[in-house]
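Observations on the three-dimensional arrangement
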Amino acid sequence: NPLMSIKTFAQLIQTKKNSESFLDSFSKYVPQEAERVNRLISSLIDYTRPQKGCKELVNIQELVTSCAFLAEPIVASSPIVMEEEIQDGLSIFADRNQLKQVLINIMLNGLQSMQHRLEEDASLTGVLTMRIRAFEDSDYTYLQIVDEGTGMSPEIIKKATEPFFTTKAKGTGMGLALTKQYVQENGGELLISSEVGRSTKITLRFRRQEHG
């Protein structure tokens, strides 16, 4: 709870105001925790009062490329690679900004999960792969992100998209909740399957007739 951290520092300031190490910690952590509060409130406002976006035909290859570019610093510093398999000419009629936020949230969650697995499992000596696929059938257009991270149990999958649920020490629990909401606002479904200790697959499914 970021407010508890701020409260603790505030209660200690009278007795610790002459401590240089305390003041250093105060100046470092209180702004960070305040920013966490700000992000949490902003996310909650977005969740409870969703904005009506501007829908357009979004090229999936261009979307994936732009999101992968933002994730490149994480990949470059880790034994992690990203592979893309995008069917030619795919597009989704949706709000571009919302769809981009959805994809970034899912990709960052997957990359962080793979980093955590690499840190926790000393026996891993190879490269972990995130695979991004996009394809369609007669009824749907699919966008899938598969990571080789720590995975989720069935119990966690059930709660993962609930507001404020998180397994991260610094998480707000709003990332996947907003992700699911944005997907639904654009006429899609978010599906999660996972195997603990091995991988997670998140599928975004959109009906083809909603392309406009």
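Below, the structure is looked at part by part. Everything numeric in this text was worked out from a predicted model, so none of it was measured.

1. As for the side chain of S78
- Locating S78 in the fold gives a position in the loop between α3 (60-76) and β2 (80-86).
- Under the relative-accessibility criterion, S78 is labelled buried at 18%.
- A distance of 3.3 Å separates polar atoms of two side chains, one belonging to S78 and the other to Q115.

2. Quick word on the packing of aromatic side chains
- Across all of its chains, the model carries 5 aromatic pairs by this definition.
- Plain terms: the ring middles of F9 and F22 are 5.8 Å apart, the flat faces sit at 40° to each other, and that makes the pair tilted. Of this pair, F9 sits in helix α1 (residues 2-16) while F22 sits in helix α2 (residues 20-48), placing them 13 residues apart in sequence.
- Of the residues examined, F22 reaches a relative accessible area of 8% and is grouped as buried.
- Ring geometry for F135 versus Y142: centroids 5.0 Å apart, planes at 20°, classification stacked.
- The class of F135 is partly exposed, set by a relative accessible area of 22%.
- With a relative accessible area of 13%, Y142 lands in the buried category.
- Aromatic rings pair up to connect F9, F22 and F26 into one cluster.
- Seen from the ring of Y140, R205 lies directly overhead, with NZ or CZ sitting 4.5 Å from the centre.

3. Describing the environment of Q87
- Assignment of secondary structure puts Q87 in the loop between β2 and β3 (91-95).
- Along the sequence, Q87 and E136 sit 49 residues apart, while their C-alpha atoms lie 8.0 Å from each other.
- Residues within four places of Q87 in sequence aside, it is in contact with A134, F135 and E136.
- Within polar-contact distance, the side chain of Q87 engages the backbone nitrogen of E136 at 3.3 Å.

4. Some thoughts on the sheet that holds strand β6 (residues 188-195)
- Strand order in this open sheet of 5 strands is β2-β4-β5-β7-β6, and the pairing throughout is mixed. Two strands in the sheet have a free side with no partner beyond their single neighbour: β2 and β6. Pairwise comparison of adjacent strand axes, ignoring direction, gives a mean angle of 10° for this sheet.
- The sheet contact formed by strand β5 (residues 140-147) and strand β7 (residues 199-207) spans 8 bridges and is antiparallel. Bridging across to β7, T141 finds its partner in F206.
- Seen against the sheet, helix α6 (residues 175-185) touches β6 and β7 and runs at an angle of roughly 140° to β6.

5. A word on the pairing of β7
- Bridging between β6 and β7 involves 8 bridges; their strand directions are antiparallel. In the strand pairing of β7, E195 is matched with S199.
- Hairpin connection of β6 to β7: 3 residues between the antiparallel strands, including G197 at a positive phi of 80°.

6. Comments concerning the pairing of strand β4 (residues 128-136)
- In this structure, β2 lies alongside β4, joined through 7 bridges in parallel fashion. What sits directly across from M82, in β4, is M130.
- Relative to β5, β4 is paired through 6 bridges, and the arrangement is antiparallel. Looking across to β5, one finds that R133 is bridged to Q144.
- Count of turn residues in the β4/β5 antiparallel hairpin: 3 residues.

7. Observations regarding the pattern of salt bridges
- Throughout the structure, instances matching the rule amount to 7 salt bridges.
- The salt bridge partner of R96 is E56, with a shortest N-O separation of 3.1 Å. Pair noted here: R96 is in helix α4 (residues 96-120) and E56 is in strand β1 (residues 55-59), with a separation of 40 residues, a long-range link.
- With relative accessibility at 32%, the residue E56 sits in the partly exposed group.
- Salt-bridge contacts for R131 lead to E148; the nearest nitrogen and oxygen are separated by 3.4 Å. Residue R131 is found in strand β4, and its partner E148 is found in the loop between β5 and α5 (154-159); the two are separated by 17 residues along the sequence.
- The network of salt bridges with common partners includes E83, R131 and E148.

Cut-offs and rules
- Throughout this document, residue positions are counted from 1 along each chain, in the order its sequence is written.
- Given that this is a predicted model, residues contribute local features only at a pLDDT of at least 70 and side-chain atom pairs are listed and counted only at 80 or more, while totals for whole chains, interfaces and linings are drawn from all residues.
- Side-chain numbers come from the whole structure's heavy atoms, not from hydrogens or water.
- Numbering of helices and strands runs from the N terminus, with a helix taken as a DSSP run of H or I at least four residues long and a strand as a DSSP run of E at least two residues long.
- For each residue, the accessible area found with a 1.4 Å probe, counting protein chains only, is set against the maximum for its type, and the residue is called buried under 20%, exposed over 50%, and partly exposed in between.
- Throughout this description, a polar contact denotes any pair of N or O atoms lying within 3.5 Å of each other; where both atoms belong to protein, one of them has to be capable of donating a hydrogen while the other can accept it, and for residues adjacent in sequence the pair is counted only when both atoms sit in side chains.
- Here a Phe, Tyr or Trp ring, Trp counted by its six-membered ring, pairs with any other such ring whose centre lies within 6.5 Å, and the pair is stacked when the planes are under 30 degrees apart, edge-to-face when over 60, and tilted otherwise.
- Whether a charge lies above a ring is judged from NZ of Lys or CZ of Arg, which has to be within 6 Å of the ring centre and within 35 degrees of the ring normal.
- Only heavy atoms enter the contact rule, under which two residues are in contact if any of them lie within 4.5 Å.
- Strand pairing is defined by DSSP finding a minimum of two bridges between the two strands.
- Here the axes come from fitting lines to C-alpha atoms, over the contacting stretch only for helices, and the angles between their N-to-C directions go from 0 to 180 degrees.
- The term salt bridge refers to a side-chain nitrogen of Lys or Arg lying within 4 Å of a carboxyl oxygen of Asp or Glu.

Remember that the coordinates give geometry; whether it matters functionally is a separate question.
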